[in-house]
Amino acid sequence: FVPNTVTAAVGDIIQFQFSNGNHTVTQSAQDTPCQPLQATVATAIHSGHIPFEDGQTTVGTFNMPVTSTDTMFLYCATGPHCQEGQVMIVNP
C-alpha cells in the first residue's frame, strides 16, 4: 500500500484505491502478520475481494471508517501479496 503508514483520527475515512490486479484490505494482529484477525475478532476489517480487470476505466475502492486511534495492522490477503510487502499500519 502507498503510503504504508497513515495517522488518522476517529471519524476519518481511509480510502483504498486499486488500479491493477485483485486485492483485499484485511486486518491482522501485530504478532500474526498475514493472518486474518477476523478469524478470532468478528469485527476485524476485511474488504472482501476487490477485483480489477485490464482495460477497466474505474478504480476499485474500499472506504474504511476510522473508529479508534489504536494501532491497526492491514495487509492484502490475495495470493502472496502480504508476503511480498503489501502491508500497512494505521496509527503506529
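None of the values given here were measured: they were computed from a predicted structure. (Residues numbered from 1 in each chain as written. Predicted model: local features only at pLDDT ≥ 70, side-chain atom pairs only at ≥ 80, totals over all residues. Heavy atoms only, no water.)

## Examining the packing of aromatic side chains
Stage number 1. Under the criterion given, the structure shown has three aromatic pairs.
Stage number 2. Between F1 and F16 the ring centres are 5.4 Å apart and the planes differ by 70°, which places this aromatic pair in the edge-to-face class. Residue F1 is located in the segment before β1 (5-6), and its partner F16 is located in strand β2 (residues 13-18); the two are separated by 15 residues in the primary sequence.
Stage number 3. Judged by its relative accessible area of 17%, F1 is buried.
Stage number 4. Relative to F62, the ring of F16 has its centre 6.3 Å away and its plane inclined at 35°; by these criteria the two rings are tilted. Separated by 46 residues along the polypeptide, F16 in strand β2 and F62 in strand β4 (residues 60-65) bring together distant segments of the chain. Both residues of the pair, F16 and F62, belong to the buried class. (Phe/Tyr/Trp six-rings, centres within 6.5 Å; stacked < 30°, edge-to-face > 60°. Helix = DSSP H or I, 4+ residues; strand = E, 2+ residues; numbered from the N terminus. Buried < 20%, exposed > 50% of the residue type's maximum accessible area, 1.4 Å probe, protein only.)

## Brief notes about the layout of surface pockets
Stage number 1. In this model, the largest pocket occupies a volume close to 200 Å³.
Stage number 2. What lines the largest pocket is a set of 13 residues, among which F1, V2, F16, Q17 and F18 lie closest to the centre.
Stage number 3. Considering each element in turn, the lining of the largest pocket owes the most residues, five residues, to β2. (1 Å grid on protein atoms, 1.4 Å probe; cavity = no way out; pocket = protein on both sides within 12 Å on 5 of 7 lines; lining within 4 Å. Points joined across faces, edges and corners; volume = space filled by probe spheres on them.)

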